[in-house]
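Here is how the chains run, residue by residue.
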Amino acid sequence: MKLRPLVLLMLLCGPGAVRAADLRLAVPAGFAGDPFVTSFAASRILGGAGLTVTTKPVANDADAIAALNAGEADLGVFALDDADRRALQASSPEASLLNRPFLFKSAQEVILMQDSFLGAAAAADAGRGGLFPLRIWSHAIAYLLTRTPVLSAADFGKMRVAAETGAMTAMAKDEADVLETDLDAAARDFTEKFPGKLYLTVGRPETGLLAAAPAFWTQRSEFEKNAVQTAAEQARAAANAVLMAREDAFRHLPNVEVRQLDATTRMRMAAPASGDDTRMSQDMALWHKAEMEVHGSAAPAPAEGPAPKMAMTSPVLFATDRNDEATSDYATRFGARRLNPAEITCGFLGAPERNAPPPPLPPAPKNLDRGIESCARKIVDRTRTAGARKILVLIHGFNTSFSDVAERALELGAGLDYAGAIVAWSWPSEGSAFSYAYDEDSNAWSEPHLAELVTRIAEIAPNIQLDFVAHSMGNRILLQMLREFALEKSKARVGVAVFAAPDIAQDVFREQLRQARKIGALRTLYASEYDRAILISQSYHQAPRAGSGGGDILVAGGVESVDAQLSGHSYVFDEPRAMRDFNQIVNRERTAPERGLPEREKPAGPYWIILP
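Enquirer: I'd like to hear about the packing of aromatic side chains, residue by residue, with values.
Expert: The full count for this structure, using the stated rule, is 17 aromatic pairs. Consider the rings of Phe36 and Phe40, whose centres lie 6.3 Å apart with planes at 0 degrees: the pair is stacked. With a gap of four residues between them, Phe36 and Phe40 both fall in helix α2 (residues 35-41), about one helical turn apart. Across this residue pair, the class does not change: Phe36 and Phe40 are buried. When the centroid spacing of 3.9 Å and the interplanar angle of 10 degrees are considered together, the rings of Phe36 and Trp137 count as stacked. With Phe36 in helix α2 and Trp137 in strand β4 (residues 132-146), this residue pair connects regions lying 101 residues apart in the sequence. Trp137 matches Phe36 in its accessibility class, with the two residues each being buried.

As structure tokens, then:
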């Protein structure tokens, strides 16, 4: 596991280096003794950050959620399906799937599926009620110990299920055929002494959720947030290890045979929990996409040889409207708070050598340029000093920290061969896969700040071409800004606009494009049906996104749509095939036919594909 550098530094310095603060953790009775909770409460990472966990016992999940909403607790744990039911008044399909009986073959598969887009989408849904979801983990797994193997729903339907009270006695007396257990020490002792053979089948998992109260989380420093997130990830690993060890111990008992139902049987046995056939079909489509993500991702193709080197290096800068926490490390320099009034901060990150590994982030200087005017002039001056007449503005998406986009900008500076400066715009994303609702608000809040900065750059340097690439939720900023420029008849010299994996509703994208298409030389949309984050968003919004590929590819006038049949969310930057195509767009402004992409047709018009 990768620990953040400053967290480790503070551990080395000892707890006396920072002011101690209590974290009030609401723990329902059903979670007392959970390995995740005990590990998190005892975390040395938190201690090194000056944070002490004080557990607040509550009766049930509803009381934990109420304590968070009332400000009586800072953090709380509860079952994911309860969080959805009480916060949303409806269980999301992803949360339902993660807790569906009979779908899973093993504890390992439960953990893998939690790591898929299903887990992120379910946790993001749980955040609709205002809480900040921080981590999900396997709170428990209910297994079935049976006298005869479970081969079908019909087999299971004929079995006598032991009542919760006296279950082991009933099994021993041949008064029951099924014992439901979490494989604890008592169940193992019973199984070891059982005179006959028993069959072990995974029953129903229960997913736990760690969430933060909004008033608490938004006031934490990035260093404190990093400590909490790291401690939570370590606690999840500890809880997973306990579950895996329990299952492994039973697998090695000589009188236990592990039954792994085939896929068809598992689906049929899980079907009653879905309700109607339409819902079942939709749920299974989500399940198969998650299986493809965790089991069937194709390895990326090897990169071709380096492109011819260009004489000029690209100066790489950043501009942000995040709050400045004044540390000397860019990993923790900027937070996720929305300032009132907003303030723009900018700086120079370097000029990487071309076709070489990107350099690490430099130390963050004590003083940085602030304000629209100062930052616009700094960006223009650096561009002109490099002898360039183009600027590529990179706008990041959901679940992206400042350091993430800064590092990405340096990667582009080293590998894109772009004949101009690269400027990363960083808006106040929380940097968590579970903070979708917060990021949506931050994204909308940030758009006018970037528009003002770009307008001022265009006024200072009307001869400089402005190219744009937006990723994921960042496309909302880019599309809205271009629309406004078109309506205002802006004099900005806009060249290329690349919409990479846009997390926007298709009808919204199409409508805003009606105006945005009036500005810029070339517009390209990249989409993929294997994009994990777009799958999360599609489930969250219950509708295809502009970044959805395959049969849902958006074809609209004013943009060339490319169905990139590639996996991952950052495939445009990470997959060599997509990166070569992107390179031809921003460096040579070539259309899809000129780039040699295979063409396909929909009723709305042509689109192009990048084959896997």
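Once you've had a look at it, read on.
Enquirer: Describe the nonpolar core, listing the residues and the values that go with them.
Expert: Membership of the largest hydrophobic core comes to 89 residues, with the highest contact counts inside it found for Phe40 and Leu210. For this core, the leading source of residues is helix α13 (residues 222-251), giving nine residues. When neighbours within four sequence positions are excluded, Leu210 is seen to be in contact with Leu25, Phe36, Phe40, Leu75, Gly76, Val77, Phe132, Pro133, Leu134, Arg135, Trp137 and Ala232. Core analysis: the second largest hydrophobic core is formed by 59 residues, Phe398, Ala421, Met473 and Leu479 among them.

Enquirer: Quick one: what's the story with unusual backbone geometry, residue by residue and with numbers?
Expert: Each neighbour pair has its own omega, and for Asn340 with Pro341 the value is 5 degrees, a cis peptide bond. Structurally, the position occupied by Pro341 is in the loop between β10 (334-338) and β11 (345-350). Residues other than glycine seldom take positive phi values, yet Asn399 does so here, at roughly 60 degrees. Overall, the relative accessible area of 30% leaves Asn399 in the partly exposed class.

Enquirer: So, the pairing of strand β16 (residues 494-500): which residues are in play, and what are the values?
Expert: In terms of burial, β16 is a largely internal element, seven of the seven residues being buried. A crossover connection joins strand β15 (residues 465-471) to the parallel β16 through helix α20 (residues 474-487); in handedness this β-α-β unit is right-handed. As paired elements, β16 and strand β17 (residues 522-527) share five bridges and run parallel to each other. Each residue of the ladder has a partner; that of Phe499, found in β17, is Leu525. For the handedness criterion, the β-α-β arrangement of β16, helix α21 (residues 506-516) and β17 is classed as right-handed.

Scoring rules and cut-offs
- Residues numbered from 1 in each chain as written.
- Predicted model: local features only at pLDDT ≥ 70, side-chain atom pairs only at ≥ 80, totals over all residues.
- Heavy atoms only, no water.
- Phe/Tyr/Trp six-rings, centres within 6.5 Å; stacked < 30°, edge-to-face > 60°.
- Helix = DSSP H or I, 4+ residues; strand = E, 2+ residues; numbered from the N terminus.
- Buried < 20%, exposed > 50% of the residue type's maximum accessible area, 1.4 Å probe, protein only.
- Core = buried A, V, L, I, M, F, W, Y, C linked by side-chain atoms within 4.5 Å.
- Contact = heavy atoms within 4.5 Å.
- Right-handed = clockwise from strand over helix to strand, strands pointing away.
- Pairing = 2+ DSSP bridges.

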